Amino acid sequence: MRTFVIAVSALVLLAGTGLPDRSAAQTPEPQAAELDEIVVLARRSGAPMWTVTRGDSTLILVGAITGIPRDLAWRPDDLEAAAARSDQILSPQEGRASVTDLLRVIWRARTIGLMPQGQTTADYLTPEYQARLEAIMADDRNQDWRTKSLLFVGFDLMQDKAGYTGRRGGDDAMDVIRRAARRARVSLRPVGTVRGDELIDSLITAPQTAHVPCVEAAIAAAEQGPDAARERAEDWRALRVADVVASPIDRALNQCWPWGDPEIAPQLRQQWAAAIETAMISPGVTMGVAPIRLLADEGGVLDGLVARGFEVAGPEWK
């Protein structure tokens, strides 16, 4: 059952990508808002953000993380107020999953969640990583992890050993901005879509070897212990962007499905690049919220904007 829940959650959320809010997907009347006020509000929230302006087009990019501890103090109300004054908002991709897609997950749950018959993690991990995994799991009475799919071993390590709560944590920047769009009736535009059948095919057909990098990165995160997620969140709040991107949890998320999938991941990144290109020729203020590693990683969105000659204002990301 837990494997099924994780599979469906990953399918719907795309590891931080949510379904669109249909109630906010309508174009509002133009809002008379001062850019400086929007920027000041967004920065005051404590969320890492960058601004890029060309002519009468301004893009505000907010770097988001999932798994924020519920007791972490930041100022989401200010970010919500800034989003409400924007002309449009770019949100992460929507996963379009049909009932048939979800039924396929149920039907193929064993293929997705378990090793091929007779195989264990030791058949795929190097002796070094298997020994590290054994040490992490030494106190677990249940030995089912040995025959779980490597993908779900990776998810379990991040959640159970490194303290990563995913979408079950406190409100993150994505939650706040979507809520602002709904309340203020600001146009909320997903940067693209990913078909449910494509996602499920990638889950079903990927060999266990494809998930080895995910498990190796998750082992490194788990070795940091349950405080790893809090340290990452505190770095995010303190605008230590490079430390967030380099955190063992973000490294693992970048290696695990869907961001680690060689076919799905380029599609997600290309859709963001195209959406930002469109925003830079659209008049008014566009706010975009994206995983911080997508923005600040080596060769990511921010590096791309600088390479094209744009002046990017915001915290250091290298």
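No experiment lies behind these values; they were computed from the predicted model shown. (Residues numbered from 1 in each chain as written. Predicted model: local features only at pLDDT ≥ 70, side-chain atom pairs only at ≥ 80, totals over all residues. Heavy atoms only, no water.)

Draft legend 1. Inspection of the side chain of Ser282 at higher detail. Relative to the elements of secondary structure, Ser282 occurs in the loop between α14 (264–279) and β7 (284–291). For Ser282, a relative accessible area of 16% puts it in the buried group. There is a polar contact of 2.8 Å between the side chain of Ser282 and the backbone oxygen of Thr278. Contact partners of Ser282, with chain neighbours within four places excluded, come to Asp56, Ser57 and Gln88. (Helix = DSSP H or I, 4+ residues; strand = E, 2+ residues; numbered from the N terminus. Buried < 20%, exposed > 50% of the residue type's maximum accessible area, 1.4 Å probe, protein only. Polar contact = N/O pair within 3.5 Å; in protein donor to acceptor, adjacent residues only side chain to side chain. Contact = heavy atoms within 4.5 Å.)

Draft legend 2. Highlighting helix α13 (residues 248–255). Residues of α13 that are buried include every one of Ile249, Asp250, Ala252 and Leu253, and no others. One side of α13 holds all its buried residues, which, seen down the axis, span an arc of 160°. On its buried face, α13 sits against α7 (150–161), α10 (212–223), α11 (228–237), α12 (241–246) and α15 (292–296). (Arc of directions from axis to C-beta.)

Draft legend 3. How the structure looks around the state of the cysteines. Across all of its chains, the model carries 1 disulfide by this definition. At a sulfur-sulfur separation of 1.9 Å, the disulfide partner of Cys214 is Cys256. Judged by the sign of its S-S torsion, about 85°, the cystine formed by Cys214 and Cys256 is right-handed. One end of the pair, Cys214, is in helix α10; the other, Cys256, is in the loop between α13 and α14, with 42 residues separating them in the sequence. Among the residues examined, Cys256 registers a relative accessible area of 1% and is labelled buried. (Disulfide = S-S within 2.5 Å.)

Draft legend 4. How the structure looks around a nonpolar patch on the surface. Taken together, Val99, Leu103 and Ile106 make up a surface patch of nonpolar side chains, about 310 Å² in accessible area. Of note, Val99 is situated in helix α4 (residues 99–107). A relative accessible area of 63% places Val99 in the exposed class. (Patch = residues over 30% accessible without salt bridge, like charges linked within 9 Å, V, L, I, M, F, W, Y side chains within 5 Å. Areas by Shrake-Rupley, 256 points an atom, 1.4 Å probe, with all protein chains shown as cover. Salt bridge = Lys/Arg side-chain N within 4 Å of Asp/Glu carboxyl O.)

Draft legend 5. Up close: the packing of α4 against helix α9 (residues 196–205). Contact pair α4 / α9: the axes reach a minimum separation of 9 Å and the direction vectors enclose 10°. On the basis of their axis angle, the class for α4 and α9 is roughly parallel. For the crossing formed where α4 meets α9, the hand is left-handed. Across the interface between the two elements, Asp101, Leu102, Arg104 and Val105 from α4 touch Gly196, Asp197, Ile200, Asp201 and Ile204 from α9. Of the residues contributing to the contact of α4 with α9, the split by class is 4 nonpolar, 1 polar and 4 charged. (Axes fitted to C-alpha atoms, helices over the stretch in contact; angles between N-to-C directions. Parallel < 35°, antiparallel > 145°, perpendicular 65-115°, else oblique. Left-handed = near helix turned anticlockwise from the far one by under 90°. Nonpolar A, V, L, I, M, F, W, Y, C, P; charged D, E, K, R; others polar.)

Draft legend 6. Seen up close, helix α6 (residues 127–136). All of the buried residues along α6 are Tyr129, Gln130, Leu133 and Ile136. Looking straight down α6, one finds its buried side chains confined to an arc of 120°; they lie on one side. Turned more than 90 degrees away from the buried face of α6 sit Pro127, Glu128 and Ala135, all of them exposed. The secondary structure elements touched by the buried residues of α6 are α7 and α10.

Draft legend 7. Main features of the sheet that holds β7. An order of β1-β2-β7-β3-β5 is seen for the 5 strands of this open sheet, with the pairing classed as mixed. What marks the edges here is a single partner per strand, and that holds for β1 (49–54) and β5 (187–190). Looking at each pair of strands side by side, their axes are set apart by 20° on average, direction ignored. Strand direction decides the pairing type here: β1 and strand β2 (residues 57–64), joined by 6 bridges, are antiparallel. Residue Thr51 lies in a different strand from β2, and its bridge partner there is Ile60. (Pairing = 2+ DSSP bridges.)

Draft legend 8. Fine view of the packing of helix α2 (residues 35–44) against helix α3 (residues 76–84). Close contact between α2 and α3 brings their axes to 7 Å; oriented N to C, the two are set at 155°. Between α2 and α3, the crossing angle belongs to the class labelled roughly antiparallel. Seen from above, α2 lies across α3 with left-handed handedness. Where α2 approaches α3, its residues Ile38, Leu41, Ala42 and Arg44 are matched on the opposing element by Asp78, Leu79, Ala81 and Ala82.

Draft legend 9. Representation of the side chain of His211. Relative to the helices and strands, His211 resides in the loop between α9 and α10. The contacts of His211, once residues within four sequence positions are left out, are Ser149, Leu150, Leu151 and Ala206.

Draft legend 10. Representation of the nonpolar core within the structure. One finds Val62, Leu79, Leu157 and Met287 to be the most contacted residues of the largest nonpolar core, which totals 96 residues. Considering every element that reaches this core, the biggest residue donor is α10, with 8 residues. Those residues in contact with Val62 that sit more than four places away from it in its chain are Ala47, Pro48, Met49, Leu79, Ala173, Ile177, Met287, Gly288, Val289, Ala290 and Leu295. (Core = buried A, V, L, I, M, F, W, Y, C linked by side-chain atoms within 4.5 Å.)

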